[in-house]
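Chain residues, written in single-letter form:
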Amino acid sequence: APAPPPARHLFSDPAEVEALRGNLLAWYDRCKRDLPWRALAATEPDADRRGYAVWVSEIMLQQTQVATVIDYYNRWMQKWPTLPALAQASLEEVNELWAGLGYYSRGKRLQEAARKVVSELAGRMPRTAEDLQKLLPGVGRYTAGAIASISYGQATGVVDGNVIRVLCRLRSIGADSSSPAVIDRLWDMANVLVDRSRPGDFNQALMELGATVCVPKAPLCGECPVKQHCHAWRRKLFGKSPPVPDVEDCGVGDCPLCPPATEPWDSSLGVTNFPRKAAKKPPRVMRTATCVLERRGCHGAPEYLIVQRPSSGLLAGLWEFPSLPLAQDLQEEKEREELADYLQAGMGRPVAAKGLQFIGEVIHIFSHIHQTYVVYALHLDGDVNLDPALSPSRWVTEDEFHASAVSTAMKKV
Ligand code: SF4
């Protein structure tokens, strides 16, 4: 087993832990943001409803800002206020409500998990973090801990991006914060720190601190309720690690949690020396030809053809204008020909490459893909659909398009 990290990186003094909990909770009681899922979790007497509300909010908040989530959350809870209601929804309805929120598999998995709770667990949400993670598809360690602590009062910690930042700063952890060794230590710490009588509030307070005070670029250390426990802040003030009488300073190179010897503390960065991450892989570059097919509808208004994407993979099950991934570095003429061939094969009628009108290019950044859509338009007479063996398709007005389950990227197109 690896040697335990030096005590200066841990919370080993019970009196300090108690003081930190008290300071953080007092700050949270004074300063927390009013958020609809918090209000529901605090007032709803039914445990399953509390668990469901927190679950929905946590899934929406993964990778998405609070300000964006509020409206989606309110509409979702209005439409499906309970787990059984969500279990009866169709995937199409879920995708329509989720449209624009990104990472679409989240909505799909929520709905699948709701069906599982209703059909296999008699509609009763699992009550512990361990069971939530084990029994609900799409619920990982963080979400399970959040639901269990906030909804059911289980004294279990949580570690998300905000908590990683706060804990790394509190305990001067400069090793790669995405490495399994560091993540394991942070979970241990979160479980030590969590307040036994108010675990849900404590976890939310730690995350709230990361979201509003201990922010990535310009943290507000002067206003921080736990600054007296923060090693990064003391180091910034005094220019060195805090004195810890019972252990040696880590020394360079052999501590699993210190910054690597090759990247020591940079005083110009202050507390933002922490956390540190290994460099991200550059995003994959993709180019896709997409064609806005337009016709006059029966009432004279223009209509557009949209097709459904496959039920797995990126943007699964969403609708888009007919699109074709392109090889890199194709000449424009060749791109146009490939798109014309694709449309011709799908519609079963001739499409001349020259007839495709080039509109422009749209760039959309997915988390791991730098996507360029090369946009063409084509006006058609009469009723045309793509071969249903390729994918389902339908004609929609502009309003219908916006109400459909289409991605933000397609709305840009
Ligand atoms: Fe973060 Fe600064 Fe507070 Fe430390 S003192 S936890 S760096 S805001």
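Keep in mind that this is a model prediction, so the values were computed, not measured.

Visitor: What exactly am I supposed to notice about the overall build of the protein chain here?
Guide: The helix and strand inventory of the protein chain stands at 16 helices and seven strands. Taken over the C-alpha atoms alone, the protein chain extends approximately 80 × 50 × 40 Å along its principal axes. A burial count over the protein chain gives 49% of its 413 residues as buried. In the protein chain, the proportion of contacts linking residues at least 24 apart, taken out of those at least 6 apart, comes to 66%. Taking the average place of the 47 positive charges on the side chains of the protein chain and the average place of its 48 negative ones, the gap between the two points comes to 4 Å.

Visitor: Help me understand the packing of aromatic side chains in this model?
Guide: Remark: the centre distance and the inter-plane angle together describe each pair of aromatic rings, the angle taken between the planes. One pass over the structure, following the stated rule, counts six aromatic pairs. Pairing Trp-76 with Trp-80 gives two aromatic rings, centres 4.7 Å apart and planes at 75°, and the pair type is edge-to-face. Comparing Trp-76 with Trp-80 shows no difference in burial state: the two are buried. Residues Trp-265 and Phe-274 carry aromatic rings whose centres are separated by 5.8 Å and whose planes lie at 45° to one another, so their mutual orientation is tilted. Exposure remark for Phe-274: the relative accessible area of 1% places this residue in the buried category. Taken together through their ring pairs, the aromatic side chains of Trp-76, Trp-80 and Trp-98 make up a single cluster.

Visitor: Got a minute to help me understand the UniProt feature "domain: HhH-GPD" (unreviewed entry) in the protein chain in this structure?
Guide: The feature "domain: HhH-GPD" (unreviewed entry), as annotated in UniProt, sits at residues 60–212 in this numbering. Helix makes up 67% of residues 60–212 and strand 0%, and the two end C-alpha atoms of the span are 19 Å apart.

Visitor: Please clarify how the site of the ligand should be interpreted in this entry.
Guide: In the region of the ligand, the neighbouring residues are Arg-169, Leu-170, Cys-214, Cys-221, Cys-224, Lys-227, Cys-230, Trp-233 and Val-271. Taken together, the residues of the shell around the ligand break down into seven nonpolar, no polar and two charged.

Visitor: What's the story with the environment of Gly-174 in this structure? I'm lost.
Guide: For Gly-174, the position within the fold is in the loop between helix H10 (161–170) and helix H11 (180–193). In sequence terms Gly-174 and Leu-121 are 53 residues apart; their C-alpha atoms lie 43 Å from each other. Among residues more than four places away in sequence, those in contact with Gly-174 are Leu-257, Cys-258, Pro-259, Pro-260, Phe-274 and Arg-276.

Visitor: Before we go on, may I ask you to explain the pairing of strand E6 (residues 369–379) in this structure?
Guide: Working note: regular strand, side chains alternate between the two faces of the sheet. Of all eleven residues that make up E6, nine are buried, and the element is covered over most of its length. Alignment of strand E1 (residues 284–296) against E6, held across eleven bridges, turns out to be parallel. Bridge pairing links Leu-293 to Leu-378 in E6. Two elements, strand E5 (residues 357–365) and E6, share eight bridges in a ladder whose sense is antiparallel. Bridge assignment links His-364 to a residue of E6, and that residue is Gln-371. Following E5, the chain reverses through three residues before pairing antiparallel with E6.

Visitor: Sorry if this is basic, but what is going on with the pattern of salt bridges here?
Guide: Two side chains that carry opposite charge are able to pair once their charged atoms sit near each other. Taken as a whole, this structure holds 16 salt bridges when the rule is applied. Note that Glu-16 and Arg-171 form a salt bridge whose closest N and O atoms lie 2.6 Å from each other. With Glu-16 in helix H1 (residues 14–31) and Arg-171 in the loop between H10 and H11, this pair connects stretches of sequence that are 155 residues apart. Exposure class is identical for Glu-16 and Arg-171. Each is buried.

Visitor: What's the story with the side chain of His-364 in this structure? I'm lost.
Guide: One can find His-364 in strand E5. Its relative accessible area of 12% is what places His-364 among the buried residues. Here Lys-412 takes part through its side chain, which lies 3.0 Å from a polar atom of the side chain of His-364. For His-364, the residues in contact, after removing those within four places along its chain, are Ile-369, His-370, Gln-371, Tyr-373, Thr-408, Ala-409 and Lys-412.

What counts as what
- Every residue gets a number counted from 1 within its own chain, in the order that chain's sequence is written.
- Totals for whole chains, interfaces and linings use all residues, but because this is a predicted model, local features are given only for residues with pLDDT of at least 70 and pairs of side-chain atoms are given and counted only at 80 or more.
- As a convention, hydrogens and water are excluded, and side-chain values are obtained from all of the structure's heavy atoms.
- Helical segments are the DSSP runs of H or I of at least four residues, strand segments are the runs of E of at least two, and each set is numbered from the N terminus.
- A 1.4 Å probe rolled over the protein chains alone gives each residue an accessible area, and that area as a share of the maximum for its type sets the label: buried under 20%, exposed over 50%, partly exposed in between.
- Throughout, a contact is declared for two residues whenever any of their heavy atoms are within 4.5 Å.
- His residues and chain termini do not enter the charge count, which takes Lys and Arg as positive and Asp and Glu as negative.
- Every charge is mapped to an atom, namely NZ of Lys, CZ of Arg, CG of Asp or CD of Glu.
- Stacked, tilted and edge-to-face pairs are distinguished by plane angle, under 30 degrees for stacked and over 60 for edge-to-face with tilted covering the rest, among Phe, Tyr and Trp rings (Trp via its six-membered ring) whose centres lie within 6.5 Å.
- UniProt positions are given in the numbering used here, feature names are shortened, and annotations may be inferred rather than shown by experiment.
- Any residue with a non-hydrogen atom lying within 4 Å of a molecule or strand is treated as near it.
- Residues are grouped as follows: nonpolar covers Ala, Val, Leu, Ile, Met, Phe, Trp, Tyr, Cys and Pro; charged covers Asp, Glu, Lys and Arg; every other residue, Gly included, is treated as polar.
- Any two strands between which DSSP finds at least two bridges are classified as paired.
- Throughout this description, the term salt bridge denotes a Lys or Arg side-chain nitrogen within 4 Å of a carboxyl oxygen of Asp or Glu.
- In protein, a polar contact requires one atom able to donate a hydrogen and another able to accept it; more generally it is a pair of N or O atoms within 3.5 Å, and residues adjacent in sequence count only if both atoms are side-chain atoms.

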